[in-house]
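So the chains spell out like this:
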Amino acid sequence: MNNYQIFCDSSCDLPDEFISLYHIVRIPFYVSFDKNTYKRELVDISLDEFYTTMTANPTFPSTSLPSVQDYINKFKVAIEQGLDILCICLSANFSGSYQSALNAKSILEEDYPHAKIEVINSIQATVGEGLTVLQAAYMQEAGYTLEETKNKLLELRKTSRILFTVDTLDYLQRGGRIGKVSSIAGTLLNLKPLIELKEGELLPYGTVRGRSKSLSRILEMTDEHFKSNQLSFDDYDFALATGSCEGDAYKLKEGLEDMIGRRISYPMFSIGITIGTYTGPDALGLCFIEKYNRNHEKH
């Protein structure tokens, strides 16, 4: 294995089994329900506890990014072990986590001038960021150097998309993250918004009436993307994520497997606290990213 440590922030929602398998270090975001007491995601508060509190509590939760010192503390451990650093962060359009990591890099490079620290803006979130982190882990395992992995990730991140639906736009509106999606905000009963996360920006894809139709439309959106860009399903990794709608998520998974002609090997991603704060418990999405080795490179 190459001599660098992979870091990510907790917004990538990577299942614990992958964190352990690839020895990835996760830097937590913070969440608060009273704007005074902030708890570390997945450290001081579990996902189940978060969604239970969110559903029962009329107070909208607030999130806070990892501090520069949080990154320094974790990076320093790896540097003092003789390891270089590759850190992959939530889209800079959504959070200052990427900037915190960059600031930590600048500070540490003064004290450790020989350390190599690479920080990447994933231009993604939740499962999209998670699949980006996994591509880095696969490249490290395949023998890619830090520089090779960084350069390839900068290409791959542009191929990643999340196509998703939420039960309501209220959470995005209240959290100030709605952006261009405001164009599809409506009050019609049972109208479900369809949204695309592309290159760090939330883009409206329309609305449909009813949850079942929204699942079908997500599959149609995926098929349209691949056909219009003349892409092959075989060249891409796919995964699904949800807040607390596992039943619908597995229906979507079955439909996706039928469409692409193979089983989805990844477990269902759980949309974590950082992103769930803004999407609500009923978010459901499908994500894909180009595989690092689709061209059967030398590694």
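Values in this document were obtained by computation on a predicted structure and should not be read as measured data. (Residues numbered from 1 in each chain as written. Predicted model: local features only at pLDDT ≥ 70, side-chain atom pairs only at ≥ 80, totals over all residues. Heavy atoms only, no water.)

## What to know about the environment of isoleucine 72
- For isoleucine 72, the location among the structural elements is in helix H3 (residues 68–80).
- Taking C-alpha positions, isoleucine 72 is 8.1 Å from isoleucine 107, a pair spaced 35 residues apart along the chain.
- Beyond its immediate sequence surroundings of up to four residues, isoleucine 72 is in contact with Ala104, Ile107 and Leu108. (Helix = DSSP H or I, 4+ residues; strand = E, 2+ residues; numbered from the N terminus. Contact = heavy atoms within 4.5 Å.)

## A look at the pairing of strand E9 (residues 191–198)
- Of all the eight residues making up E9, six are buried; the element is thus mostly covered by neighbouring parts of the structure.
- Relative to E9, strand E8 (residues 161–165) runs antiparallel, the two being bridged by five bridges. Of the residues in E9, the one forming a bridge with phenylalanine 164 is isoleucine 195.
- As paired strands, E9 and strand E10 (residues 201–209) are joined by eight bridges and run antiparallel to one another. (Buried < 20%, exposed > 50% of the residue type's maximum accessible area, 1.4 Å probe, protein only. Pairing = 2+ DSSP bridges.)

## Concerning helix H8 (residues 211–228)
- Spanning 18 residues, H8 covers 26 Å between terminal C-alpha atoms, matching the ideal 26 Å at 1.5 Å per step.
- Those residues of H8 that sit buried are Arg211, Ser214, Leu215, Arg217, Ile218, Leu219, Met221, Thr222, Asp223, His225 and Phe226.
- Taken together, the buried residues of H8 touch E8, E9, E10, strand E11 (236–242), helix H9 (246–260) and strand E13 (284–290).
- Glutamine 230 occupies a position one or two residues after H8 and carries a positive phi of about 50 degrees. (Expected span 1.5 Å × (residues − 1).)

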